[in-house]
Amino acid sequence: MTFSLPTLAEPSAFTLGEKLLFLSLAAASAALFARRFAPILRTILRARRDPDFHLSPIGRRVWEFFWEVMCQAKVIRQRPLPGLAHAFVFWGFCAFALVTLNHCAIALGIGFLSPQGWFSRFYFYLAAAFALACAAGITGLFIRRFLVRPRWLGKKLSWESGFIALLIFALMATYLAAFFVADASAASRWLWWTHTLTLLIFLPIIPHTKHLHLVLSPATVFLSRGGFSKIPPLAGDEDFGLVAGTDVTQIAALQAYSCVECGRCTEHCPAANTGKVLNPKEVVLGLRSYLNELGPASPEPLLGKYNSQEAVFQCTTCGACEFQCPVGIEHLPLIIGLRRGAVNTGAWEDDHGAKLFLALERGSNALGLSASERDKFIQKEAFPAFDGTQEYCLWLGCMGAYDPKGREIVADFARIMNHLGTRYGVLRKEKCTGDPVRRLGNDLLFQQLAESNLELLAQNKVRKIVTICPHCVRTIAEDWKEFGAPPEIEHHSEFLARHMAQLPASQNTEKVVFHDPCYLGRYRNVYDEPRAVVEHAGERVEAPRSRERSFCCGAGGGLAFLGEETGERVSHVRAAELAATGAATVATACPFCNTMLRDALAAQDTAPQLVDIAQLTARALPPAAPPAAI
Amino acid sequence: MSGVWVVLEERDGRVSRISWEALAAGQALAARLGLAVSAVVPCAQTEAPSVEAAAKSVEKVVRIEHPLLAPYTPDAFTLALEQFFRSAEPDFIVFPHSYQVRDYAPALAARFSRVLIGDVTGIADGPAFQRQLMQGRLTGEYQPNGAGPHFVSVQSGAFRADQVAASSAPVETFAPVIEPAQIRTRPGAPFRASAQTVDLASAPLIVSVGRGIKEADNLPLVQELATALGAELAASRPICDNGWLPIERQVGSSGQTVAPRLYLAVGISGAIQHIVGIKGSQCIVAINKDPDAPIFEVADYGIAGDLFEVVPALTEAIKAAKP
Amino acid sequence: MKIVVAIKQVPERDAQVRIDAAGKWIDEADLQWALNESDAYALEEALRLKEGHGGEVIVLSAGPERVGTTLREALAKGADRAIQIDADDLGQRDVLNVAQLLAAAIKPENPDLILTGLQSDDLGYGQTGVILAELLGLPHASLILHVEQSDSGLTVKRELEEGWFQTIEMQTPALLTIQSGGNKLRYATLMGIKKAKTKELRRISAAELGVAPAQIVTLNRLTVPHKQKSTQMLSGTPKEAAATLVEKLKFEARVL
């Protein structure tokens, strides 16, 4: 018995009429594509150039492109099942590039893949395998969108998505079917034309729908700003951030058009999940609508019809959106850019916001408390003054210096350093790093604070900083770079993890759940160090949303200072989730998380204890550790 | 020259408490310099204040009487006192440092090409006068140069009114010449902020309650204390979250920022969000069970004890201390 | 309306104040300076009046070189122009003399309204505005929280003691001293700072104004009060503690 594998059937030679029909249909399809795509491209190119954009280092870009686009790593990792389905469709498209080229060439009699050749045979089978996977993938995505209907895809069913799914399915089906009909048969001709027509209908739909991401998102990923929540510097005397269309940069425009409306950003957004107006997807789409209607040369304010001021000031800058986005959209520079536009021009009027700004205009800390309170605390704890000889400058931060809970954390961390014999000192004239004003878009204050702190650090010859506040870490390490070279800085979780071996372990076996602070995790990529510290002190358990997907406490982005939130409190949602793990202790590594979760946990029926990882570690220290010999 | 003159202020037909304190200061100054003390009461027609003053240990009391002295205007007071002191030629003029005095005394002193030493808390050799600078962080000693009259106003509470000895003195009347056209401002009747709305931001006295109260049913205990003090009732966030008190009464970073003369925190542990809202208070008192509660860090006076015992005792003590 | 706002630069609220070697003034080295708080409210009131009715806001300040920074900040917040009186010798001038300086600079401007803050955060005299009105022969009102411009002049809200207020009507030109808290202050913006660079800041020396330094009252010496702020814990039975507290609130803190 012989078994021969089926061969891909090709229609027999085309008549001149058919050739002309094909060419004119293809031309029409291409024209329809260009009619929409050309203005989009023009809009992007007419936008302002990004002031700080550099193509180098190119290696990073190539790698990101390979990993995120070719391997679909982010798409799969963040949503494994639909991600994989999407990857199959994507890889199917890639595999089909050659097949489609050949498919069109056949009509003109210049087909280059002969069904009999060994390479072609192999390639057609390979493509067939991808086609099967792609068909399965698109079916899966169809079922998800139309039957499962996750809420972040929006309430409205997208019929265009259904139609596109149908087209993709038809493309795959017509390709696979050609293996089962006779070469040069009428059926093969019918399949060829069906496949071709599907293709030519698909092409012009791309720029008219979110499927534009097929064309743009590879470019978006390649042209990323390079850095999480990287806020571009202001260029010149007329740049106040994103005020009007004229301020929109090419990269921002490209990103706006790349959005695939998958809703991952919304799904993870703490504001969108607690009944606020803010929906990060709508912010991006709002910008797109603005560009579509008014274009990048418009003096019309960006905040108004298409995006609301209320929404952009509800952002905690937790960065879950930007971290999740599979097409490389950078939400934070956009949202913070819009805030900059509103704050730098004085358009944002908010009592709490103004109070925060005035506190920092007139004083040294965001809480508006007197510096003498800070001095009293330093005196009480007998922290040595930094004199240039110690290894570390212990940066207190506003919370560490003024918040009763923050002070406990700093005091415990200092005890640990004393125990280790680490030499450190504190600066009396430390000012707020500018984190809240940076995130709220007040460039004037941020620059003043960054510059005066940089000067203070240089005067005191500080080379290494350690602090309990991830917001200070991020702002000093990254945001200050615009104004000078900050000293090396590390978060106390990194310090503690490195010294774990020299610190006594706890005999405690209580369950401890670690809450990842956004500014430590997503902003600094520090996940394992605090966990190592937690494991040293008890049995670690994980919250449903942890590590990269951790859910914000609600304090970031200056929101800790902006008064009561509308809707549900973010901190309460997170506290309930942490309490539900059954852990006896909630550990965190940020004084802002600590203060937000404190009240929120107290409101739970069975409130777990709340501690910082430094306090967890300090518990195991011998009582009344003697100060290190200096 | 005619010694030390103390300007007494009339309030609701009586001499105000702070005026007696100014008189005590005037007597202390006069004793130091060996001068006589007299009192002067500018008022429209009432005799009562000058009669009251005449029962104190002063050389004489002068009632400056003119219908245009009521209601108070800086123009009328400056004119009246200028005319009187031009004739009386005092060495020192002592005022209570009241809102009214702050409004006209600097101008009055300027008419004599003099400078008022205001808000004085003590008298030293020289004589020199002590007053606070840099918002209480420093004390400065001021000396007037040249011949009198020298103008001094004394801080409320700096001198003890009960140290003014009783005696009896003659009352004279002085009638200044004031034309209606010389009064350039038209004051309206005093009013209070609407009683319906809670205005914690401008409340001079606040009693605030926190989680330590345990149940809504216990709130009357604290309300009674507030009533006894004549204070507004406020709360920390958990109390308002529970709906025990309306949100307008919430103090802290997500509620009201307050700056009362006295902030009395009952059962409030002192989270930073709360402390941020009360930092402008002149005097903070905390009552809390936990002696380590952070509220004690910012308090001027603290009682570490059970609020269910301390608050009723305090209510009684305040009622007892009321004149 | 043409409004002059007289403002003062004072040590920043957080400044760590030390007494200088002579014991007569604070050590100014290393100090950071800011706009006096109630002056910020005076400026805010002036800006609101201008925004509501049109006109011009002129900020005026006397002091050494550094005063220019504070004037620039005021321009950044929306004032139209600034006058800086160069005087390095404020320490040798008492409040009457400083008011004479300000009056000499204001006179040629002929403003409809002059605003000052209620009092300064450093010296705390609370007199400059009232004396200025006297020197310029203008009606005044102090402790003002709110200003309304009417057909016949001004209607202002004045703070009295113990939570009472009163409304006062007056003609312009006039002088008002502004109490903190009547308005919400605006924050400084990047755009404001950039615009301020193009606004006029005129400098004039104290000598040109013809006001020589003089002191009727001199500050002889400065001391740090013995009583540092620390918490007094009151012990005893609840009844005893309550009695002690009332006594202390009355006679020590003097808040009852």
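The structure presented is a predicted model; accordingly, all values stated were derived computationally and were not measured. (Residues numbered from 1 in each chain as written. Chains lettered and ligands numbered in written order. Predicted model: local features only at pLDDT ≥ 70, side-chain atom pairs only at ≥ 80, totals over all residues.)

With that out of the way, let us pick up the overall build of chain C. Check the secondary structure of chain C and you find 6 helices and 13 strands. Counting only C-alpha atoms, chain C reaches 65 × 45 × 40 Å along its principal axes. Residue burial in chain C is summarised as follows: out of 256 residues, 49% are buried. (Helix = DSSP H or I, 4+ residues; strand = E, 2+ residues; numbered from the N terminus. Buried ≥ 20, exposed ≤ 12 C-beta atoms within 10 Å, placed from the backbone.)

Take the overall build of chain B next. Of the regular secondary structure elements, chain B holds 9 helices and 18 strands. Here the C-alpha coordinates of chain B stretch approximately 65 × 45 × 35 Å along the principal axes. The buried share of chain B, taken over its 323 residues, is 54%. When contacts within chain B are restricted to residue pairs at least 6 apart in sequence, long-range pairs at least 24 apart make up 64% of them. (Contact = placed C-beta atoms within 7 Å.)

Residue and element names in this part refer to chain A. What you see with strand β7 (residues 585-588) is no split at all: Thr-585 and Ala-587 on one side and Val-586 and Thr-588 on the other are buried throughout. As judged from the 3 bridges shared by strand β5 (residues 511-514) and β7, these two strands associate in the parallel manner. If you follow Val-513 over to β7, its bridge partner there is Val-586. With 4 bridges joining them, β7 and strand β8 (residues 609-612) adopt parallel strand pairing. (Pairing = 2+ DSSP bridges.)

Moving on: helix α9 (residues 307-321) of chain B. Since there are 3.6 residues in each turn of an α-helix, residues three or four apart along the chain are aligned in direction. Counted at 1.5 Å a residue, the expected span for α9(B) with its 15 residues is 21 Å, and the 20 Å between its end C-alpha atoms agrees. Those residues of α9(B) that fall on the buried side of the exposure criterion are B:Leu307, B:Val310, B:Val311, B:Ala313, B:Leu314, B:Thr315, B:Ala317 and B:Ile318. Buried residues along α9(B) sit in contact with α5 (219-229), β16 (262-266), β17 (283-288) and β18 (301-304) of chain B together with α6 (238-251) of chain C. (Expected span 1.5 Å × (residues − 1).)

With that settled, the discussion passes to the sheet that holds β17(B). For sheets, the rule is that strands pair by backbone hydrogen bonds, running either parallel or antiparallel. Strand order in the open sheet formed by 6 strands is β15(B)-β14(B)-β16(B)-β17(B)-β18(B)-β13(C), and the pairing between neighbours is parallel. Taken across any chain shown, the strands that pair with only one partner, and hence form the sheet edges, are β15 (232-235) of chain B together with β13 (232-233) of chain C. Summarising the sheet, β16(B) and β17(B) pair through 5 bridges and their orientation is parallel. Within β17(B), the position partnered with B:Val266 by the bridge is B:Ile287. Strand contacts of α9(B): β16, β17 and β18 of chain B, with the helix running at about 135° to β17(B), the strand carrying the most contacts. (Axes fitted to C-alpha atoms, helices over the stretch in contact; angles between N-to-C directions.)

How big an interface is tends to be stated in terms of the accessible area lost upon association of its parts. At the interface, 63 residues of chain C touch 65 residues of chain B. Mapped by element, the contributors of at least two residues to the side of chain C that touches chain B are α3 (95-106), α4 (128-136), β7 (140-149), β9 (164-170), β12 (217-223), β13 and α6 of chain C. In terms of residue count, the dominant contributor to the side of chain C that touches chain B is α6(C) (10 residues). Each residue belonging to the side of chain C that touches chain B can be placed in one class, and the counts come to 35 nonpolar, 15 polar and 13 charged. Where strand β9 (residues 138-144) of chain B lies against β12(C), 6 bridges are found, and the strand directions are antiparallel. If you follow B:Tyr142 over to β12(C), its bridge partner there is C:Leu219. (Nonpolar A, V, L, I, M, F, W, Y, C, P; charged D, E, K, R; others polar.)

Residues and elements named next belong to chain B. Tracing the backbone through its elements, the reader meets Ile-287 in strand β17. Its 33 C-beta neighbours within 10 Å are what place Ile-287 among the buried residues. Excluding residues that lie within four positions of it along the chain, Ile-287 makes contacts with Val-266, Ile-303, Gly-305, Leu-307, Val-310 and Val-311.

Contacts between the two partners involve 11 residues from chain B, matched on the other side by 12 residues from chain A. Elements that contribute at least two residues to the side of chain B that touches chain A include exactly α6 (237-241) and α7 (272-278) of chain B. Class assignment for the residues of the side of chain B that touches chain A results in 5 nonpolar, 3 polar and 3 charged.

Right, let's talk about the sheet that holds strand β5 (residues 61-65) of chain B for a bit. If you walk across this open sheet you meet the 10 strands as β11(B)-β5(B)-β4(B)-β1(B)-β6(B)-β10(B)-β7(B)-β8(B)-β9(B)-β12(C), and the pairing is mixed. Edge positions in the sheet fall to β11 (171-174) of chain B together with β12 of chain C, since each has one partner strand and no second. Pairs of neighbouring strands in the sheet enclose a mean axial angle of 35°, with direction left out of account. In this fold helix α1 (residues 17-33) of chain B packs onto β1 (4-7), β4 (37-43), β6 (92-96), β7 (116-124) and β10 (150-154) of chain B, with an angle of close to 155° to the strand it touches most, β6(B). Across the sheet, helix α3 (residues 74-88) of chain B touches β1, β4, β5, β6 and β11 of chain B, and the angle it forms with β4(B) is around 150°.

The next point concerns the confidence of the model for chain C. A residue-level look at chain C finds 99% of positions with pLDDT of 70 or above and a mean pLDDT of 93. With pTM at 0.90, the complex prediction returns an ipTM value of 0.91. (pLDDT = per-residue confidence, 0-100.)

Residues and elements named next belong to chain B. Where α3 meets helix α4 (residues 99-111), the axes come as close as 9 Å, and the angle between the chain directions of the two elements is 40°. Accordingly, the angle class assigned to the pair α3 and α4 is oblique. When the axes of α3 and α4 are compared, the crossing they make is right-handed. Judged by residue contacts, Pro-74, Phe-77, Thr-78, Leu-81 and Glu-82 of α3 engage Asp-103, Tyr-104, Ala-107, Leu-108 and Arg-111 from α4. Residue composition of the contact of α3 with α4, by class: 6 nonpolar, 1 polar and 3 charged. (Parallel < 35°, antiparallel > 145°, perpendicular 65-115°, else oblique. Left-handed = near helix turned anticlockwise from the far one by under 90°.)

Attention now goes to the environment of A:Glu451. Relative to the elements of secondary structure, A:Glu451 occurs in helix α20 (residues 443-459). Through-space distance from the C-alpha of A:Glu451 to that of A:Thr433 is 9.7 Å; in sequence the pair is 18 residues apart.

Let us now look at helix α2 (residues 67-77) of chain C. Residues and elements named next belong to chain C. Counting buried residues in α2 gives 9 out of 11 residues, a clear majority hidden from the surface. Along α2, the residues classified as buried are Val-67, Thr-70, Leu-71, Arg-72, Glu-73, Ala-74, Leu-75, Ala-76 and Lys-77. Of the residues one or two after α2, Gly-78 is the one with positive phi, at around 135°.

This part takes up the nonpolar core. Ranked by size, the top nonpolar core spans 328 residues in total, and within it B:Val94, C:Val5, C:Val59 and C:Leu102 carry the most contacts. Here this core gets 9 residues from one element, more than from any other, and that element is α3(C). Residues A:Ala9, A:Cys134, A:Tyr175 and A:Ala178 belong to the second largest nonpolar core, which totals 24 residues. (Core = buried A, V, L, I, M, F, W, Y, C linked by C-beta atoms within 7 Å.)

Our focus in this paragraph is the environment of B:Leu229. Residue position: B:Leu229 is located in helix α5. What B:Leu229 contacts, discounting residues up to four positions off in sequence, is B:Leu205, B:Val207 and B:Ile318.

Here we come to the packing of α5(B) against α9(B). Residue and element names in this part refer to chain B. Between α5 and α9, the shortest axis-to-axis distance is 9 Å and the interhelical angle comes to 20°. Considered as vectors, α5 and α9 are oriented roughly parallel to each other. Two packed elements cross with a definite hand, and for α5 against α9 that hand is left-handed. Where α5 approaches α9, its residues Leu-221, Val-222, Glu-224, Leu-225, Ala-228 and Leu-229 are matched on the opposing element by Val-311, Pro-312, Leu-314, Thr-315, Ile-318 and Lys-319. Tallied by class, the residues present in the contact of α5 with α9 amount to 9 nonpolar, 1 polar and 2 charged.

Moving on, we get to the pairing of strand β1 (residues 392-395) of chain A. All names here are of chain A. Neither face of β1 is open: one carries Tyr-392 and Leu-394, the other Cys-393 and Trp-395, and all of them are buried. Bridge analysis of β1 against strand β2 (residues 424-425) gives 2 bridges, and the strand direction is parallel. Following the sheet pairing, Cys-393 is matched in β2 by Gly-425. As judged from the 3 bridges shared by β1 and strand β3 (residues 464-467), these two strands associate in the parallel manner. Residue Cys-393 lies in a different strand from β3, and its bridge partner there is Ile-465.

Attention now goes to unusual backbone geometry. All names here are of chain A. Of the consecutive residues Ser-56 and Pro-57, the connecting peptide bond is found in the cis state with omega at 0°. Take Pro-57: it is sitting in the loop between α1 (16-46) and α2 (58-70). Of note, the phi angle at Glu-261 is positive, near 60°, even though the residue is not glycine. Take Glu-261: it is sitting in the loop between α9 (250-258) and α10 (264-268). The exposure class of Glu-261 is partly exposed, given the 19 C-beta atoms found within 10 Å.

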